[in-house]
Every structure is written in structure tokens, then in C-alpha cells.
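# Understanding the architecture of this molecule
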Amino acid sequence: MLQPQKKRPKMRKTMSGLIMLTLLSSLVAPGLAGAYTAKNSQVEFSDVSVQAGKTVHLPVTLKDAEYPVKAYNMQIDFDKAALEVVRITPRTYSTIASSPEEETTPEFQYYINNEEGWVRIIWVDLTGNNHLIDTGEQMFDLEIQAKSSAVPGKTKLTVNQADSEHWRVNTIDESPPSEMLGGTITITAASSGGGNSGSPSTPDTGSSSGGGSSVSSPVSSSAPTTSSTPAAAKGVDIYVNGQKKEQSATASTSTSGNKVTTTIHVDNNKVINQVGSGLRSVLLPVTGTGTNAVVGELNGKLIKTMEDSNAEVIIQTDTGTYTLPASQIKVDQVVKQLGGSAPLEDVTIQITIAPSSDTKKAVLEAAASKMSNTTVVGAPVDFEVKAVYNGQQVDVNRFNAYVERSITLPKDTDGSKITTGVVLQADGTMLHVPTKVIKGEVNDAAVINSLTNSTYALIYHPTTFSDISSHWSRTDVEDLASRLVVEGQGDHTFAPDRSITRAEFTAVLLRGLGLHSPENDVTTTFTDVSSDSWYENEVQTAVSYGLISGYTDNSFRPNSEISRAEAMTIVSRAMKLVDLAKADASETAALLGAYSDGSKVQAWAAEPAASAIKQGLVQGADGKLMADADVSRAQTAAIVKRLLAKAGLI
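The text that follows walks through the structure, step by step, so that each part is easy to find. (Residues numbered from 1 in each chain as written. Predicted model: local features only at pLDDT ≥ 70, side-chain atom pairs only at ≥ 80, totals over all residues. Heavy atoms only, no water.)

## Focus on the overall build of the protein
- Each helix and strand in the protein was counted, giving twelve helices and 30 strands.
- Across the protein, every contact between residues at least 6 apart in sequence was considered, and the portion connecting residues at least 24 apart equals 76%. (Helix = DSSP H or I, 4+ residues; strand = E, 2+ residues; numbered from the N terminus. Contact = heavy atoms within 4.5 Å.)

Here it is in C-alpha cells:
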């Protein structure tokens, strides 16, 4: 289909592939030559670092273009001795083909040839300019693995930009010159991590699914003690900005009962002095510990330095990986909770990835047993952040942006048998958190994004309904139902075309985003939302995150059917949470003007509607936006799924 280079094995030319190539070729506008000098389009491949034997995501973004892009075609070459491409994921609302062998006509197709070191990607907007890619938007994501045998150093992705068959970026009006930027991959050596000496262990404090940072009582002498004999800690390497920093940390282990903990103590001043203000990331790779708990320890001074540089700390273990922007720790607020006088260098920040207790495992299994067709896959994992100073402890449980963590699936576990990640609640229930599964060479991994710290697990919960087998929304509904986001009517039906109420729409959106409790303790009283209603918590949660505000008469009208304008307004507010750009004033007029009834959108809904259109969350029908029409259950599922996918959360 994609006609690779000469001497490379040809891919099967399906009807889909022929159509795609014909469409791509027809997008070059012939009448503009000589009219003006076209501005070069720039496609930026991120520069990333990866440890040998590990995977890394390399986003590809449209950095600059005179007009939005409606198609691209590229063949990317890489060092086959050092790298393998695991997966390619588009960041547009496309019908995706996992291979170019599909018989339908998907918008996005790719082919990976790791044996020869190249990938081929082609994308065309088949929706009539509804899914254009604009400047600053991500085009796709390359998941790349550095081979275990890879030699540390730098390697670069390349493209034959002189050959239009290998490199072409078409805007809505023409096919201007385009250039590739970046694409440097820094490979660092594998680290054994760990050690065999004594250090205090981290007590298992149980589930922490809600609340913000909180101060616990001073650590008492009755806390669990280690049964191992303290010994000299072992020096280990860490990676700062992708570069190995030898002997910049020490590792020690401790045992309490049957719990083994490996603690990495970072040489904070050494790291600060080595990089100054250019700090971007601190990676603590700890392998060979199996399912043991791992704690990364940094002091408040280093965290503050990282916060000022917008840097992140990464804990990488056999169990999973935690990628935490230092700004989300909010070290200044933590110090205030510790009394306000604690010197930053004396505050210890502990970032923990640990297997959950047997009690939590039993609670999760019990919750799964109460649900039909549900299996817990693998073991649950606790992700924790704590600050300790002078016998006091602050738990950092909430963030104001999504924080990524991953759980490594057991060997030989099929990633397709994971439908979502769940968070364990204090009442023993489990609820959806945005999750996507990443293919690995040995183990797949589930990437979870959440605004809280807690206990997370993975489940398999395939779901369908008898009345959606031939409905346009089947894929969206089944996906969200398997994630515990939407529910049926109790008789194995979904009623996809039934209108949805304001309370129901709010609840589905919150479940999709993984927002299960209010962000703060501030409550808002609506005259028609009683404290014993099923939706009272959902309403308070939505208010706390700024998603809803109610009407001027202090009512919420939870049982009224929600209009498309109201739905788009709520969704546009959620876009801020997931870091999706909204439409500005000039875009608003143009986007609404594309619909025959766009001028009828009321002023309060104009910008939200345009923002939803800009991000491809709504499309309209027959050239109409129909802002005043009701929203159906099927449309709700589609909108929420598009929001999560556009944000890269699923």
C-alpha cells in the first residue's frame, strides 16, 4: 500500500491503500505556483532519553504551518541495531488501522519494519476538513524501545525529505515545503539499581483515594521496625537530563515482616551543582527488585530547584513507573503544613511505588466478584508521595494536573485483556481512571493518568448491549462501558438514542475523567439537588472542578434533558483540565460560520461550542450544529471518548 523504498518488501496494495495514496496525491493544489512564496511547514520530533531495555514515547508535533494540515505521508528511518518501534498512535480523530492490511479505508495507516529499521505512516482527513491538524497540535506518537544491547550514546531519526514519496505534508490549500526538526534519542546504560543494606521501611498506611495534602501525627515509636541489620548503603547511578550521573545516589534495603523495601537516597546537592538551572528530569531506575516496594528520596531543596525548572522526577521499577512533575508536589505548601519553618534541605520527599497489601487485594477481588464479567488482572499497586520532617509527615494525594504512572503487566499477559485501570475507594468500590495499554517487547504496561495518588489495579470487563449491535455508536459505547464509565438500562440494553439528563451527562463526563470526589471542601447548594440524591456527589465534584455553575435562580435542573449547547459548555471547561486549547475570538467566528445555523448559537455558548468543534469533539450533521437539540446517550459516549482520546488519556 505505502510503496516502500526499492529493495524493501512491498506491502500488499489493498483497495484501502490505493484509495489513500490517490487521495494524498490529489491534495496538492496546482494553481498556486508563483503566486507567493509558501511558508515552510515544520514537523517537530521530540528529543528524548531512554534507558537500554526500556521504552519511551516520542511525540511528533506540527510545530509551524501557514495553514492547517489535512494529510501527511512519511517514511522514518532509525538505527535498527539500537532501536525498535513498538507502536504508532495518532493524536487525531481517525479511524485507525493497526496495519495497512485493513480492507476498509481508515484515515490513519502505518507499517513498522524493525528488521530493516524504518516505519511508514500515512494520514488523510476524510471528514471534509473537520479533523485538520493545526500548529502546536500533536500529529502522532512513536513508542520506541532501546534494545538491551544498545550502546549508550545519541542516535537520530531521519527522513529523506527530498523524496515526496517519503516525506510530504499537505495543508488545506497546497503542499508547501516542509522540514523535520529534532528526533534525537539519547540512550543511557541499563542500571542494576538496588542494594542489600539496611534502611527504615515505609509503613503501609492503607488506601488514600481522596483529599489533598494532609499532615499525619508524628511518627510514633510503635511504627513497624526493620528486622534487618543496618549496613553500609550501596552507591548507584541515576540519570539527570538523560545523562548518567555515576554514584549520585545510594540504595539500601530493609525488611519488615514479609515486606521488603528498596530506598534510593539521592545526593541532592551533587545533582543541583551538576546541572544548575538546566534541570529537566531526574530518573531513578531500580531494576531487579521484583515486586518489592521502591522509595525514591529527594530533599525539598532539590524538588524546589526542579519545580523552578519545570522538571520531573521519574521512578522506574520492575512493578511500574511513576513520572511526577516536581511542580505537582507543591513543596512550598508542604512546608507550610509542616509548620512553615522547615528548611527545604531538611524536608525529605518520598516517592513510592509498592505492591498493595493483602487486605487491599482481597477488597479489590471482592469488588470484582460483585460485578458481572469482571476480572482483576495482576496485582494492585500503591503510588504515594510523602514529605517527612522532624517527626511529622504530609501526604501529597492531589494534583492540579494529570500525573502519569504505569503498571507493568505480568509476563505473558495479553494487554488486550485489559479494559481499564481502576482506583480503590475507601468504601471498597473501584472506579475508572483514564488508562491506555502500551505494547512492550517482553511485558505490556498500562499507563494510568490521575489527579490523585492511591491504590490502582487493572481489570478486564468486556461489555456490550443487545440494542447497539448495528448502531453507529457501538464502538464508543462498548469501550466506555468496559471502562465502567457508562451503564446499561438493567435489561442488557443501552437505549443509545434516548436523551440524557444534565445529571447523567455530568456523571458520565466525571467518570470518564476519573474525577470521583470534590477537589476541595467547599460546597455549593442548589435548590433542586438534595443531599440524598444519587447525583449529589457528582454535582459537588463538577462544581469544585469548575465544570458546572447552575442557573441564575440557584437551580441545577438535574433531571432536565441537556442541550448540545449546554453539553459543549461543560466539555469545553473540562478541556482546561486535560490541557486542550480552546478557540480564540477569530477562530470562534470561523468555526461557527462553517455551519448553516452557527449564527443561532447563543453568545454564552459560542466560544465553548467553537472550542468543542476545534478539538473534534462535536461535528454536527448535514451542515448544522443544532446547538439547541437534546444530547442522546450515544452522543454522550462519543463526546466523552473523543475528549479522553484527544487528550491522550486513553
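That was the structure; now back to the text.
## Concerning the side chain of threonine 188
- Among the secondary structure elements, threonine 188 is positioned in strand 13 (residues 184–188).
- Each residue touching threonine 188, except ones within four places of it in the same chain, is listed here: Val50, Gln51, Ala52, Pro152, Tyr239 and Gly242.

## Examining helix 8 (residues 536–544)
- Of all the nine residues making up helix 8, seven are buried; the element is thus mostly covered by neighbouring parts of the structure.
- Those residues of helix 8 that sit buried are Glu538, Val539, Gln540, Thr541, Ala542, Val543 and Ser544.
- Of the surrounding secondary structure, the elements contacted by the buried residues of helix 8 are helix 7 (502–513).
- At the exit of helix 8 stands glycine 546, carrying a positive phi of roughly 75°. (Buried < 20%, exposed > 50% of the residue type's maximum accessible area, 1.4 Å probe, protein only.)

## Concerning the packing of helix 7 against helix 8
- Taken N-terminus to C-terminus, the directions of helix 7 and helix 8 make an angle of 65°; their axes are 9 Å apart at the nearest point. Viewed along their axes, helix 7 and helix 8 adopt a mutual orientation that is roughly perpendicular. Here helix 7 runs over helix 8; the crossing is left-handed. Together, Thr506, Ala507 and Leu510 of helix 7 and Glu538, Thr541 and Ala542 of helix 8 make up the contact between the two elements.
- Along the lines of polarity and charge, the residues of the contact of helix 7 with helix 8 split into three nonpolar, two polar and one charged. (Axes fitted to C-alpha atoms, helices over the stretch in contact; angles between N-to-C directions. Parallel < 35°, antiparallel > 145°, perpendicular 65-115°, else oblique. Left-handed = near helix turned anticlockwise from the far one by under 90°. Nonpolar A, V, L, I, M, F, W, Y, C, P; charged D, E, K, R; others polar.)

## Digging into the pattern of salt bridges
- Under the defined criterion, the tally for this structure stands at 16 salt bridges.
- Notably, a salt bridge pairs aspartate 332 with lysine 304, separated by 2.8 Å at the nearest N-O pair. Of this pair, aspartate 332 sits in helix 4 (residues 331–337) while lysine 304 sits in helix 3 (residues 300–308); the two residues are 28 residues apart in sequence, bridging distant segments of the chain.
- Glutamate 384 is the salt-bridge partner of lysine 386, the closest N and O atoms lying 3.6 Å from each other. Grouping residues by exposure puts lysine 386 and glutamate 384 together as buried.
- Members of the salt-bridge network, linked through shared partners, are Lys304, Glu307, Asp308 and Asp332. (Salt bridge = Lys/Arg side-chain N within 4 Å of Asp/Glu carboxyl O.)

## Comments concerning the sheet that holds strand 5 (residues 83–90)
- Strands sit in the order 5-8-3-1-12 across an open sheet of five strands; the sheet is mixed. Of all strands in the sheet, those bounded by a partner on one side alone are strand 5 and strand 12 (178–182). Put simply, the sheet's adjacent strands are angled 25° from each other on average, direction ignored.
- In this sheet, strand 8 (residues 138–146) lies alongside strand 3 (residues 55–64) in antiparallel orientation, the contact comprising seven bridges. (Pairing = 2+ DSSP bridges.)

## Focus: helix 6 (residues 474–482)
- Within helix 6, seven of the nine residues are buried, leaving the element largely enclosed by the surrounding structure.
- Among the residues of helix 6, those classed as buried are Asp476, Val477, Glu478, Asp479, Leu480, Ala481 and Ser482.
- On the buried face of helix 6, the contacting elements are strand 26 (420–424) and helix 12 (633–646).
- Leucine 484 lies just past helix 6 and shows a positive phi near 70°.

## Thoughts on the packing of helix 6 against helix 12
- Two numbers describe how helix 6 lies on helix 12: the axes approach to 9 Å, and their chain directions differ by 70°. As judged from the angle between their axes, helix 6 and helix 12 are roughly perpendicular. On helix 12, the residues that touch Thr475, Asp476, Val477, Asp479 and Leu480 of helix 6 are Ala637, Ala638, Val640 and Lys641.
- Here the residues of the contact of helix 6 with helix 12 sort into five nonpolar, one polar and three charged.

## A look at the environment of alanine 609
- Tracing the chain through its elements places alanine 609 in helix 11 (residues 603–614).
- Taking the relative accessible area as the measure of exposure, alanine 609 reaches 1% and is therefore buried.
- Residues alanine 609 and alanine 567, 42 residues apart in the sequence, show an inter-C-alpha distance of 8.9 Å.
- Those residues in contact with alanine 609 that sit more than four places away from it in its chain are Met568, Leu592, Val601 and Leu625.

## Focus: the sheet that holds strand 9 (residues 153–156)
- Strand order across the open sheet formed by three strands is 2-13-9, with mixed pairing between neighbours. A single partner strand is all that each edge strand has here, and the edge strands are strand 2 (48–51) and strand 9. Recorded for the sheet is a direction-independent mean angle of 30° between the axes of neighbouring strands.

## What to know about the pairing of strand 13
- In terms of burial, strand 13 is largely enclosed, as four of its five residues are buried.
- Note: strand 9 against strand 13, four bridges, orientation antiparallel. Across the sheet, residue lysine 154 finds its bridge partner in strand 13, namely threonine 186.

## Digging into the pairing of strand 4 (residues 69–77)
- Within strand 4, nine of the nine residues are buried, leaving the element largely enclosed by the surrounding structure.
- Examined bridge by bridge, strand 4 and strand 11 (residues 167–171) share five bridges and lie antiparallel to one another. Counterpart to asparagine 73 in the pairing with strand 11 is arginine 168.
- Sheet analysis places strand 4 next to strand 7 (residues 118–124), joined by seven bridges and oriented antiparallel. Across the sheet, residue tyrosine 72 finds its bridge partner in strand 7, namely tryptophan 123.
- As paired elements, strand 4 and strand 10 (residues 158–159) share two bridges and run antiparallel to each other.

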